[in-house]
Amino acid sequence: MTEYCVASLRSFLELRLYDDPKPCTDNILTMINRQTFVLFFVIFSFSSFFGCATVGGPSQVESQTLLFVQAPGDTLNDAQVPEEDEGFDAFEDEFTEAGIPTVSDPLSAYNRAMTKFNDKFFDMLLSPASRGYSAVVPEGGRGGVRRFFKNLFYPLRFTNNVLQVKYEQAAVETARFLVNSTVGLLGFFDPAKEWFDLEAYPEDFGQTLGFYGVGPGFHLVLPFLGPSNLRDTIGLIPDAYMIPTTYLSAIQISGTSESDRVLIAIGVESYRRLNDASLSLEEYESLRRDALDLYTFLRDAYERNRQVKIKE
Amino acid sequence: MQKAVFILIGLIFMVQPAFADNIAEVDRFMKERLDGIMRLLEDKTLQKTTRNEQIIDIISEAFDFTTMAKLSLGKKHWTRLNKEDKTRFTQLFVERLKASYLEKLDLYDDEAIVYSKPVQVKNKVQMMTALVSGGDKITMLYKLYNSKKAGWRVYDLELEGVSLITTYRSQFNEVLASGTMTDLFAKLERPEK
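Residues numbered from 1 in each chain as written. Chains lettered and ligands numbered in written order. Predicted model: local features only at pLDDT ≥ 70, side-chain atom pairs only at ≥ 80, totals over all residues. Heavy atoms only, no water.

Novice: Report on empty space enclosed by the protein, specifying residues and quantitative values.
Specialist: Residue and element names in this part refer to chain B. Enumeration according to the criterion identifies two cavities of 30 Å³ or more in this entry. M38, L105, I113, L131 and Y142 are the residues nearest the centre of the largest cavity, which is lined by twelve residues in total. Those elements that provide at least two residues to the lining of the largest cavity are α1 (2-42), α5 (83-107), β3 (124-133) and β4 (136-147). Here the element with the most residues in the lining of the largest cavity is α1; it accounts for four residues. Volume-wise, the second largest cavity comes out at about 40 Å³. Lining the second largest cavity are M30, R33, L34, I37, I58, I59, A62, F63, Y101 and Y142. (1 Å grid on protein atoms, 1.4 Å probe; cavity = no way out; pocket = protein on both sides within 12 Å on 5 of 7 lines; lining within 4 Å. Points joined across faces, edges and corners; volume = space filled by probe spheres on them. Helix = DSSP H or I, 4+ residues; strand = E, 2+ residues; numbered from the N terminus.)

Written out as structure tokens, the structure reads:
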């Protein structure tokens, strides 16, 4: 058990800042470092306790080391079936156990429960609701609504592109916003892509943090939102300030109270998510069928996909 | 000195075509297969079952299913299996893989496919493709190796950077960490939902 705690501590420390990509980012690095480290530490000291307390019995870490200890026995087997060994050798560098990145997961018990909850939420509410919605609104209309919201999220993409010194992409985003908001009728259409071949460059603050070397931290499944990790969850906070729907509650509409406006903002955001879901229901269902173990599958796929997106 | 330069140039010319040949071969091989699949998908007159059978025929030429099964289970577990279990596992895994691939194609049937030029990575070749629809792009990276028997074959596929082999392997590890091969067979046979 103590070994497990040490392992999770070590993986937390991997949330370190790597060699800075550019010297001019030094100040930003220290800034992020100082501000977030305190927060990380508070969350971590809670989580490591929670993680160690909940993961009972022989942990995975222990069972894996056991298997490694037994590894020399493999040579006997290999001698009996030499052709199998040859098959593996060609891929040794790519698929060795060490080559497969392990995900820090001290909260796996909570994460599993939340994955189950989200899956139930999908089956009981999201899926039937979006099927009903799809029956009323044709796919073309839903695509338009999706593009409309996507266009409104331009400040988010622009800011994070700039923060990652991707000025060219930020410029393309601006051009897209200008074209789509006008010629594209408030963003319901995407002439920027269709006529000028300008593609969107989605970037969020989690990716920005990753760009400056902040590691993912432990994996964290969020209610309704699904797989995430410590870094990306923290990233949601600055991102929220760049999403127009957040400011809906600040717009003064006569005859409405503060709480009404918050409800309106939540309603609009829920509608956006419902609309998005209606366009990708089958994708989740298909992924779910691929999974032998839904939680492990979603966790690994998420972490790997984020790694790739940060590198881009 | 001059001699050395000539030898160097000579070497470059000798090595270069070998690389270029591989690239060109993979490029041609994969494009033929993928174009074939796209043609089948666009042909709305075909019955879905016959269409799927033909798609499976095409991908069976391109994919080295046996190697994919082995790699996804990993050396550690694979070498412990007896012969029947190896056959059983391969069969179940391949069935699952085929079903999953067909399902993915169903999701993206109206999109255009964009090919990038294959690149050599060590002694293997990778070819990036992208399915484009509207403003969205889904990348699929086909990874091929040169099998002595059958030439270039796909041994892994990365969907949006997520490797199929790695994903399956970590799940198999997870199942086998707390269960037996029998549990794994049961899970492979009966998808969760």
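Novice: So what about the nonpolar core? Which residues, and what values?
Specialist: The nonpolar side chains of soluble globular proteins are, as a tendency, buried together. Counting residues in each nonpolar core, the largest one holds 55 residues, and the members touching the most others are B:F63, B:F89 and B:Y142. In this structure, B:F63 is in contact with B:M68, B:Y101, B:Y142, B:R153, B:V154 and B:L157, ignoring residues within four places of it in sequence. In terms of nonpolar packing, the next biggest core, distinct from the first, is built from six residues, A:L107, A:F218, A:L222 and A:L230 among them. (Core = buried A, V, L, I, M, F, W, Y, C linked by side-chain atoms within 4.5 Å. Buried < 20%, exposed > 50% of the residue type's maximum accessible area, 1.4 Å probe, protein only. Contact = heavy atoms within 4.5 Å.)

Novice: Outline the pairing of strand β5 (residues 151-159) of chain B, listing residues and values.
Specialist: Residues and elements named next belong to chain B. For β5, the tally of buried residues reaches eight of nine residues, placing the bulk of the element in the interior. Both β4 and β5 contribute to a ladder of eight bridges, which runs antiparallel. By the bridge assignment, L141 is partnered in β5 with E158. What sits between the antiparallel neighbours β4 and β5 is a turn of three residues. Of the strand pairs in this sheet, β5 and strand β6 (residues 162-163) are connected by two bridges, and their pairing is antiparallel. Counterpart to E158 in the pairing with β6 is S163. Between β5 and β6, which follow one another and run antiparallel, lie two residues, and E160 among them has a positive phi close to 55°. (Pairing = 2+ DSSP bridges.)

By themselves, these observations are geometric and do not establish any function.
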